[in-house]
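# Summary of structural features
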Amino acid sequence: MEPANYTRVTEFILTGLSQTREVQLVLFVIFLSFYLFILPGNILIICTIRLDPHLTSPMYFLLANLAFLDIWYSSITAPKMLVDFFVERKIISFGGCIAQLFFLHFVGASEMFLLTVMAFDRYAAICRPLHYATIMNRRLCCILVALSWMGGFIHSIIQVALIVRLPFCGPNELDSYFCDITQVVRIACADTFPEELVMIFSSGLISVVCFIALLMSYAFLLAMLKKHSGSGESTNRAVSTCYSHITIVVLMFGPSIYIYARPFDAFSLDKVVSVFHTVIFPLLNPIIYTLRNKEVKTAMRKLVNRYILCREK
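Worth saying up front: this structure is predicted, and the values here are computed from it rather than measured.

The rules behind the values
Residues numbered from 1 in each chain as written. Predicted model: local features only at pLDDT ≥ 70, side-chain atom pairs only at ≥ 80, totals over all residues. Heavy atoms only, no water. Helix = DSSP H or I, 4+ residues; strand = E, 2+ residues; numbered from the N terminus. Rg over C-alpha atoms; globule rule 2.2 N^0.38 Å. Buried < 20%, exposed > 50% of the residue type's maximum accessible area, 1.4 Å probe, protein only. Contact = heavy atoms within 4.5 Å. Lys, Arg positive; Asp, Glu negative; His and termini not counted. Charge placed at Lys NZ, Arg CZ, Asp CG, Glu CD. Core = buried A, V, L, I, M, F, W, Y, C linked by side-chain atoms within 4.5 Å. Expected span 1.5 Å × (residues − 1). Bend = angle between axes of the 7 residues up to and from the residue. Disulfide = S-S within 2.5 Å. UniProt positions renumbered as here; feature names shortened; annotations may be inferred. Pairing = 2+ DSSP bridges. Axes fitted to C-alpha atoms, helices over the stretch in contact; angles between N-to-C directions. Salt bridge = Lys/Arg side-chain N within 4 Å of Asp/Glu carboxyl O. Parallel < 35°, antiparallel > 145°, perpendicular 65-115°, else oblique. Left-handed = near helix turned anticlockwise from the far one by under 90°. Polar contact = N/O pair within 3.5 Å; in protein donor to acceptor, adjacent residues only side chain to side chain.

## Considerations on the overall build of the chain
Across its full length, the chain carries 10 helices and three strands. Each helix and strand of the chain, placed in order from N terminus to C terminus, yields the pattern β-α-α-β-α-α-α-β-α-α-α-α-α. The C-alpha radius of gyration computed for the chain amounts to 22 Å, which stays within 12% of the reference 20 Å derived for 313 residues, consistent with globular compactness. Seen along its three principal axes, the alpha-carbon backbone of the chain occupies a region of about 75 × 50 × 35 Å. Counting every position in the chain, which comprises 313 residues, the buried fraction comes to 49%. Counted over contacts in the chain with a minimum sequence separation of 6, partners at least 24 positions apart contribute 80%. When the 25 positive and 20 negative side-chain charges of the chain are each reduced to one mean point, those points stand 14 Å apart.

Have a look at this one:
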């Protein structure tokens, strides 16, 4: 039953990462430096893959999509977080909160599905090398990427549909620096157990199942590669690629499982995990992958020498 003095909440107040001015300035410098340093690196990865004629395999096409999604994902929360460090009262409108929540889950889920596609790509390359070009043709790659985006969109629509139907009539303070379902659900003026259960199922369970499935698939691929340990450089390169993918999977799914695969109660580590999940890890994922890939690093050096250093001379 809604209270008689029901008033629709039109904005939310964010508590931010810290209330101390000095700490906020230090955090601003740290996050701005990280964002401005890593962001161009991800853009360089995309440009390198697009411009280098040797990087045409499906693996690089998927990597470019991963870098794009990671740039978008971190940019959903980072710019406002940086601006709010200089604002006394950190406010986000109800519509802005819903938009931030929608894009966060849209892009995040799309990336999870894309990582699953990348695991399938590695399976085809390692277990069916003679038919790899036929199996992972450009048309199929585009379809799989489109399905990843569609899956993310459907997942996000479910979250938004559950949130907008809840009544918000009293508290409007979110103990975070951005809007997410885990904070918004806590301040609703209603029993949110059914909605919370659906959200845990759609976000948490999907994360857990995909995480376990991906780890098992890469464990299988590594076991297959060990049987061909005498193949030389190609085997070592495949092993290195698998380890890079495993690292990305752990960085992506670990915090997601911690945040969404449990009751939406507040814990002391929530903000720390959220920062790594929404800002730091997404920007690092393509970089981690690239550091283990000699072909991409060589192509990046050529691109920098051709388009940047040559112009300076």
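## Looking at the nonpolar core
Counting 94 residues, the largest nonpolar core has Phe-12, Phe-31, Leu-115, Ile-163, Phe-168, Leu-174 and Phe-253 as the members making the most contacts within it. Ranked by residue count, the leading element in this core is helix H3 (residues 94–127), at 16 residues. Apart from the residues lying within four places of it in its own chain, the contact partners of Phe-253 are Met-112, Leu-115, Ser-207, Cys-210, Phe-211 and Leu-214.

## Details of helix H9 (residues 270–291)
Here H9 spans 30 Å end to end across 22 residues, near enough to the 32 Å set by a 1.5 Å rise per residue. Along H9, the sharpest change in direction is near 45° and occurs at Phe-281; proline Pro-282 comes one to four residues later.

## Concerning the state of the cysteines
Enumeration over the complete set of coordinates arrives at two disulfides. Once the bonded cysteines of the chain are numbered in order along the sequence, the disulfide links fall as 1-3, 2-4. The thiol of Cys-210 is not disulfide-bonded; the next cysteine sulfur, from Cys-242, is found 18 Å away. Judged by its relative accessible area of 16%, Cys-210 falls in the buried class.

## Regarding the UniProt feature "transmembrane region" (unreviewed entry) in the chain
Mapped onto the present numbering, the UniProt feature "transmembrane region" (unreviewed entry) falls on residues 25–47, 59–78, 98–120, 140–164, 200–221, 242–261 and 273–291. Overall, residues 98–120 shows 100% helix and 0% strand. The separation of its end C-alpha atoms is 33 Å.

## Side note on the sheet that holds strand E1 (residues 11–14)
Pairing within the open sheet is mixed, and its three strands lie in the order E2-E1-E3. Edge positions in the open sheet fall to strand E2 (91–93) and strand E3 (173–174), since each of these has one partner strand only. Seen against the sheet, H3 touches E1, E2 and E3 and runs at an angle of roughly 85° to E2.

## A few points about the side chain of Asp-180
Mapped onto the fold, Asp-180 is located in the loop between E3 and helix H6 (181–184). One buried charged residue, Asp-180, forms no salt bridge at all, with the nearest opposite charge on Arg-186 at 8.7 Å. Setting aside residues up to four positions removed in sequence, Asp-180 forms contacts with Leu-101, Leu-104, His-105, Ile-259 and Tyr-260.

## Describing the packing of helix H2 (residues 58–84) against helix H5 (residues 138–164)
Here H2 crosses H5 at 25°, and the two axes come no closer than 10 Å. Compared by their axis directions, H2 and H5 come out roughly parallel. In this structure, the crossing between H2 and H5 has a hand that is right-handed. Every residue of H5 that contacts H2 at Pro-58, Phe-61, Leu-62, Asn-65, Phe-68, Leu-69 and Trp-72 is listed here: Arg-138, Cys-141, Cys-142, Val-145 and Trp-149.

## As for the environment of Thr-247
Inspection of the secondary structure puts Thr-247 in helix H8 (residues 233–260). Along the sequence, Thr-247 and Asn-285 sit 38 residues apart, while their C-alpha atoms lie 8.2 Å from each other. Engagement of the side chain of Thr-247 in a polar contact is seen with the backbone oxygen of Tyr-243, the distance being 2.9 Å.

## Observations regarding the pattern of salt bridges
Applying the stated rule across the entire model yields seven salt bridges. Close ionic contact of Arg-122 with Asp-121 constitutes a salt bridge, the shortest N to O distance being 2.9 Å. Of the two residues, Arg-122 and Asp-121, both sit in the buried class. Lys-271 serves as the salt-bridge partner of Asp-175, at 3.0 Å between the closest nitrogen and oxygen. Of this pair, Asp-175 sits in the loop between E3 and H6 while Lys-271 sits in helix H9; the two residues are 96 residues apart in sequence, bridging distant segments of the chain. Taking the relative accessible area as the measure of exposure, Asp-175 reaches 45% and is therefore partly exposed. When salt bridges that share partners are traced, they join Arg-186, Arg-262 and Asp-270 into one network.

## Considerations on the side chain of Glu-195
Following the sequence through the fold, Glu-195 ends up in helix H7 (residues 193–226). Beyond its immediate stretch of four places on either side in the chain, Glu-195 contacts Leu-162, Arg-165 and Leu-166.

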